[in-house]
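Architecture at a glance
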Amino acid sequence: MFLKSSFTTLVVGVFVVYVLHTCWVMYGIVYTKPCDPPSGVNCITPYLAGMPKLQMSIYAAPRPNADGGHALIHKEEIFDVQDKFERTVNVSLPKKTRNNGTLYALVFVHQTGVTPWQDPRQVHLVAELTTYMVPKPPEISLISREDRTLDTAEETQQRKRREGVPTAGGGGASMSDQPVSHWRSRLTLNIVGDHFVFDRESLPSDVHRYLRVLQNGKKMVYLPLLFVDELSNRVKDLLEINKTTMELPLTITYDPISLGRLRFWIHMQDAVYSLQQFGFTEKDADEIKGIFTDTNLYFLALTFFVAAFHLLFDFLAFKNDISFWKQKKSMVGMSSKAVLWRCFSTIVIFLYLFDEQTSLLVLIPAGIGAVIEVWKVKKALKIQLSWKEGKPTFLFGKLDESERRTEEYDTLAMKYLSYLLYPLCFGGALYALIFLRYKSWYSWLINSLVNGVYAFGFLFMLPQLFVNYKLKSVAHLPWKAFMYKAFNTFIDDVFAFIITMPTSHRLACFRDDVVFLIYLYQRWLYPVDKTRVNEYGVSYDDKPRGKTHKD
């Protein structure tokens, strides 16, 4: 017991140190020490403080340099760093790009009236306007066989066709498994609008690569900090390019940015790039980008702390759940049907995530959870695997009198529950078959099953409530793991309530909590005598005892 407590204390201690260290690192990112005094010898003053007249010019080129072949696609003649704007332009695609090639945007900020090639004080960056990704297969109605691609980019193309705007594609999505060139329809640019004075001796390393310094008399001046926001390039904005695509729309967005936000964005962008270098796909990276671009920074910070505690409680729930089932010798008071359902539902969710090509960050934990649930089914049904003549043989353990009584209550609860559950699941699957579209029959089956799991899975918590009611006891439940899981569910539901969602979805998020409150009521209604020792010599805390009489 001492070793277990020490291990838990160690884990909690490491968690606290990790959170404090992360807070310190984040503070170091968003806060930059200014030069003091501002007129010192080591100070680097901003070029923008002199209020120069600037112009933004954007060129398209098939190579990430200006060695010929570049074409002007937009020019912002009256450019004020503090004024945000959004422009939509049509970009002509060269033949190389249409043949599964690439295209780059060369962004220049320079003095008004001077071309960027002749301005010694110009700053520029290169941004990719194309990326390679495997196109989504078309989805069809399994009854009418009507083709329809549910990709957001394809819906955008259809809308633009109705409006008379040239688009990519022209037909359905390609069925090829080979990556093809896709058009990034958004280009987001930022310039630091703060007139921050840097200290040359404590210059942040992340800003250093974007900093261009000039000598202006005795003073050192840095040119505008130009930044291309790659995190805003989302998969939903991609358009497939083919040989018939002559030009495509490009939305250019500019927004001034603070120095602290710029440094944070640089670190996040580098992190996403590192994940892609380790083999993460464009879709995996897109899910991570959505965390930062679709969330307010303050809410993102709150989400980090909540997610950190969520991870801690997940670990503690995992530890206590494994420990409980490892020592479990009898299924008295436990609903075996609920255990089987949890195993089935986790496997269905894993197959659904695999079919949807979900990020490995989600897929791997779901797979581990499915393996654990299969192990719990083996423990619950007392299954023993043996090999005879090279063939596996499964042996099921026998139930004692108390376990048979629990099984009767469990079967009775499932009988009542089936009157409600089966019609709902069948109706949902029939609705999906008639009105929705999927890539294949396998996708329809998996989606129907997972929708049933998500929509009606909470109903399988009810048989355990019925068993508790019949036995007038809750001592057989893993309450430590149960509490950790319930707390995590409550955190998830609170965030679902804060974020803008339909009222029906908000109410649905709290149904698990309602069932859990009933569990708490049963715990109060059927108090546990912690000093009572059962026929196996085990007390409420699962501490082995000597030979004692039954209560």
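Just so it is clear, the structure is predicted and the values come from calculations on it, not from any experiment.

**Some points on the environment of Val332**
Among the structural elements, Val332 can be located in the loop between helix H7 (297–327) and helix H8 (336–355). Residues in contact with Val332, not counting those within four places in the same chain, are Asp400, Ser402, Glu403, Thr406 and His476.

**Digging into H8**
Along its 20 residues, H8 runs 29 Å from first to last C-alpha, staying within 8% of the 28 Å computed at 1.5 Å per residue. When we look at burial in H8, the residues that qualify are Ser336, Ala338, Val339, Trp341, Cys343, Ser345, Val348, Leu353 and Asp355.

**Things to note about the nonpolar core**
Nonpolar side chains in soluble globular proteins generally cluster together in the buried interior. Ile58, Phe79, Trp183, Leu187, Leu189 and Leu250 are the most contacted members of the largest nonpolar core, which has 34 residues in total. Going through the elements one at a time, strand E2 (54–61), strand E3 (71–79), strand E4 (85–92), strand E5 (104–111), strand E6 (123–128), strand E11 (186–192), strand E15 (226–228) and strand E17 (247–257) are the ones with two or more residues in this core. Those residues within four positions of Trp183 in sequence are excluded, and the remaining contacts are Val91, Leu93, Leu103, Leu129, Thr130, Asp237, Leu238, Leu239, Ile241, Leu248, Pro249 and Leu250. Core analysis: the second largest hydrophobic core is formed by 25 residues, Ile29, Phe196, Ile288 and Phe292 among them.

**Observations concerning the packing of aromatic side chains**
In total, this model carries 14 aromatic pairs according to the counting rule given. Relative to Phe466, the ring of Tyr416 has its centre 6.5 Å away and its plane inclined at 85°; by these criteria the two rings are edge-to-face. Of this pair, Tyr416 sits in helix H10 (residues 401–435) while Phe466 sits in helix H12 (residues 462–471), and the two are 50 residues apart along the sequence. Its relative accessible area of 47% is what places Tyr416 among the partly exposed residues. Look at Tyr521 and Trp524: their rings are 5.8 Å apart centre to centre, the planes differ by 35°, and that puts the pair in the tilted class. Of the two residues, Tyr521 and Trp524 both sit in helix H15 (residues 511–525), three residues apart, roughly one turn of that helix.

**Some details on empty space enclosed by the protein**
As enumerated under the stated definition, the model contains three cavities of 30 Å³ or more in all. As for the largest cavity, its lining consists of Pro46, Tyr47, Leu48, Val192, Asp194, Tyr222, Leu223, Pro224 and Leu225.

**Here's the deal with the side chain of Gln55**
By the secondary structure assignment, Gln55 is in strand E2. Of the residues examined, Gln55 reaches a relative accessible area of 9% and is grouped as buried. There is a polar contact of 3.3 Å between the side chain of Gln55 and the side chain of Ser57. Those residues in contact with Gln55 that lie beyond four places of it in its chain are Lys75, Glu76, Glu77, Phe79, Phe108, Val109, His110, Gln111, Thr112 and Gly113.

**Brief notes about the confidence of the model for the protein chain**
Taken over all residues, the pLDDT of the protein chain has a mean of 76, while the share at 70 or more is 76%. Ignoring residues within four places in sequence, the model shows residues 543–551, a span with pLDDT below 50, making twelve contacts including any to other chains.

**A look at the side chain of His182**
Within the element layout of this structure, His182 appears in strand E10 (residues 180–184). Within the local environment of His182, its side chain forms a polar contact with the backbone oxygen of Val180, the two atoms lying 2.9 Å apart. Residues in contact with His182, not counting those within four places in the same chain, are Leu129, Thr130, Thr131, Met133, Pro135, Leu238, Leu239, Glu240 and Ile241.

**Considering the state of the cysteines**
All told, the structure shown has one disulfide when counted by the stated rule. Each sulfur of the disulfide joining Cys35 and Cys43 lies 1.9 Å from the other. On the S-S bond that ties Cys35 to Cys43, the torsion sits near -75°, and the link is left-handed. For the residue pair Cys35 and Cys43, the accessibility class agrees, reading buried in each case.

**Quick notes on the pattern of salt bridges**
Applying the stated criterion across every chain yields a total of nine salt bridges. The closest approach of N and O atoms between Asp270 and Arg209, which form a salt bridge, is 2.3 Å. Separated by 61 residues along the polypeptide, Asp270 in helix H5 (residues 259–277) and Arg209 in the loop between helix H4 (205–208) and strand E13 (213–216) bring together distant segments of the chain. Here Lys376 and Glu373 are joined by a salt bridge, their closest N and O atoms 3.4 Å apart. Of the two residues, Lys376 and Glu373 are both situated in helix H9 (residues 360–380); the distance of three residues between them amounts to about one turn of the helix. Like Lys376, the residue Glu373 is buried in the burial classification.

**Describing unusual backbone geometry**
Excluding glycine, residues mostly carry a negative phi; peptide bonds, for their part, are mostly trans. Residue Pro37 is bonded to the preceding Asp36 through a cis peptide linkage, with omega at 0°. Checked against the element boundaries, Pro37 lands in the loop between helix H1 (2–30) and strand E1 (43–46). Not every positive phi belongs to a glycine, and Met51 is a case in point at roughly 50°. Relative to the helices and strands, Met51 resides in the loop between E1 and E2. The class of Met51 is exposed, set by a relative accessible area of 65%. Of note, the phi angle at Lys472 is positive, near 55°, even though the residue is not glycine. Within the element layout of this structure, Lys472 appears in the loop between H12 and helix H13 (479–498).

**Observations regarding H12**
The set of residues buried in H12 consists of Pro463, Gln464, Leu465, Val467, Asn468 and Leu471. Once H12 ends, the next one or two residues include Lys472, with phi positive near 55°.

**Side note on the sheet that holds strand E12 (residues 198–199)**
Through backbone hydrogen bonds, the strands of a sheet pair up, either in parallel or in antiparallel fashion. Ordered in space as E12-E1-E14-E13, the four strands form an open sheet in which the pairing is mixed. This sheet does not close on itself; its edge strands, each paired only once, are E12 and E13. As paired elements, E1 and E12 share two bridges and run antiparallel to each other. What sits directly across from Cys43, in E12, is Asp199.

**Thoughts on the sheet that holds E2**
Pairing is antiparallel in the open sheet, where four strands are placed in the order E3-E2-E5-E6. Sheet topology places E3 and E6 at the edges, where each strand pairs with a single neighbour. Across the sheet, the mean angle from the axis of one strand to that of its neighbour is 15°, orientation sign disregarded. As paired strands, E5 and E6 are joined by six bridges and run antiparallel to one another. Across the sheet, Val109 pairs through a bridge with Val123, a residue of E6.

Calculation notes
- Residues numbered from 1 in each chain as written.
- Predicted model: local features only at pLDDT ≥ 70, side-chain atom pairs only at ≥ 80, totals over all residues.
- Heavy atoms only, no water.
- Helix = DSSP H or I, 4+ residues; strand = E, 2+ residues; numbered from the N terminus.
- Contact = heavy atoms within 4.5 Å.
- Expected span 1.5 Å × (residues − 1).
- Buried < 20%, exposed > 50% of the residue type's maximum accessible area, 1.4 Å probe, protein only.
- Core = buried A, V, L, I, M, F, W, Y, C linked by side-chain atoms within 4.5 Å.
- Phe/Tyr/Trp six-rings, centres within 6.5 Å; stacked < 30°, edge-to-face > 60°.
- 1 Å grid on protein atoms, 1.4 Å probe; cavity = no way out; pocket = protein on both sides within 12 Å on 5 of 7 lines; lining within 4 Å.
- Points joined across faces, edges and corners; volume = space filled by probe spheres on them.
- Polar contact = N/O pair within 3.5 Å; in protein donor to acceptor, adjacent residues only side chain to side chain.
- pLDDT = per-residue confidence, 0-100.
- Disulfide = S-S within 2.5 Å.
- Salt bridge = Lys/Arg side-chain N within 4 Å of Asp/Glu carboxyl O.
- Pairing = 2+ DSSP bridges.
- Axes fitted to C-alpha atoms, helices over the stretch in contact; angles between N-to-C directions.

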